[in-house]
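The primary structure of each chain is shown beneath.
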Amino acid sequence: MDFNYILDALPDLLRGLKVTLTVSGLAILLSCIVGAVGAALRTSGFKPAEYLVTGYVEFIRGTPYLVQIFFIFYGLPSLGLRLSVFWSGVAALTLWASAFQIENFRGGLAAVSHGVRDASASLGLKRWHHALLVVFPLAARAALPSSMNTIVATVKNSAYLQAIGLVELTFVAVDRIAYDFRAIEMFFSICVIYLLCVFALSGLGHALEHRLNRPFAGR
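In what follows, the accompanying structure is described. Here the structure is a predicted model, which is why all the values come from computation and not from measurement.

**What about the packing of aromatic side chains?**
One pass over the structure, following the stated rule, counts six aromatic pairs. Seen in terms of ring centroids, Y65 and W96 are 5.9 Å apart; in terms of plane orientation they differ by 55 degrees. Their pairing is tilted. Of this pair, Y65 sits in helix α3 (residues 65-75) while W96 is found in helix α4 (residues 85-110), placing the two residues 31 residues apart along the sequence. Using a relative accessible area of 12% as the deciding quantity, one classes W96 as buried. Between F86 and W87, the ring centres sit 5.1 Å apart and the planes meet at 90 degrees, which makes this aromatic pair edge-to-face. An aromatic cluster is defined as three or more aromatic residues linked by ring pairs; in this entry it consists of Y65, W96, F100 and Y160.

**Regarding the packing of helix α7 (residues 169-180) against helix α8 (residues 183-213)**
Two numbers describe how α7 lies on α8: the axes approach to 9 Å, and their chain directions differ by 170 degrees. Between α7 and α8, the interaxial angle falls into the category roughly antiparallel. For the pair α7 and α8, contact is made by L169, T170, A173, R176 and I177 and by A183, M186, F187, I190, I193 and Y194, respectively. Broken down by class, the residue content of the contact of α7 with α8 amounts to nine nonpolar, one polar and one charged.

**Examining the pattern of salt bridges**
Proximity of charged atoms lets side chains of opposite charge pair with each other. Under the definition given, this model contains eight salt bridges. A single network of salt bridges, built from pairs that share partners, joins D12, R15, R176 and D180.

Rules behind the numbers
- Residues numbered from 1 in each chain as written.
- Predicted model: local features only at pLDDT ≥ 70, side-chain atom pairs only at ≥ 80, totals over all residues.
- Heavy atoms only, no water.
- Phe/Tyr/Trp six-rings, centres within 6.5 Å; stacked < 30°, edge-to-face > 60°.
- Helix = DSSP H or I, 4+ residues; strand = E, 2+ residues; numbered from the N terminus.
- Buried < 20%, exposed > 50% of the residue type's maximum accessible area, 1.4 Å probe, protein only.
- Axes fitted to C-alpha atoms, helices over the stretch in contact; angles between N-to-C directions.
- Parallel < 35°, antiparallel > 145°, perpendicular 65-115°, else oblique.
- Contact = heavy atoms within 4.5 Å.
- Nonpolar A, V, L, I, M, F, W, Y, C, P; charged D, E, K, R; others polar.
- Salt bridge = Lys/Arg side-chain N within 4 Å of Asp/Glu carboxyl O.

Below, the structure is given as structure tokens:
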């Protein structure tokens, strides 16, 4: 193990990490939005929307993630839609994470008691007030642990994007291995970097969960 080599490679790895965090951050943001909308549609009672969202979730969860990446990057151009490597990566990560976030938020909505609607009605809240101010915050709190798992998995799954040439963290490591044959040093380095990212996200999730649970302490 040559730690001097790792220090020399660190600037390249950090540039790759910047791309990883950018792609993952965009995918996390977009997937949370799609997840919330999709969960609302899936529990709306409007059958066409429910079937459409259910079909999307089952398709994404039932097919290999790498195949989805290749379809977006190599398949869509034949249909007239050509995306750059970066936006292909964002699209692939977003589509994958959204399917899981839909299920996470759907579980959160299911955890909200039906008695909450009666309580809202007794306070004179309109339907959209009830959904926005009562149901959504309670559902988000219930869905937080599973949503954080999906967020962490999104960051880790960004490593697959090196298969289409996105110069993210794993791509940089594999590229240096091809030239310098320092596999132990490179894979050790990216493992540590990924672990630090996961620990940071997990700590943020636990802190947020503790903050949201504070009003319910002792109940």
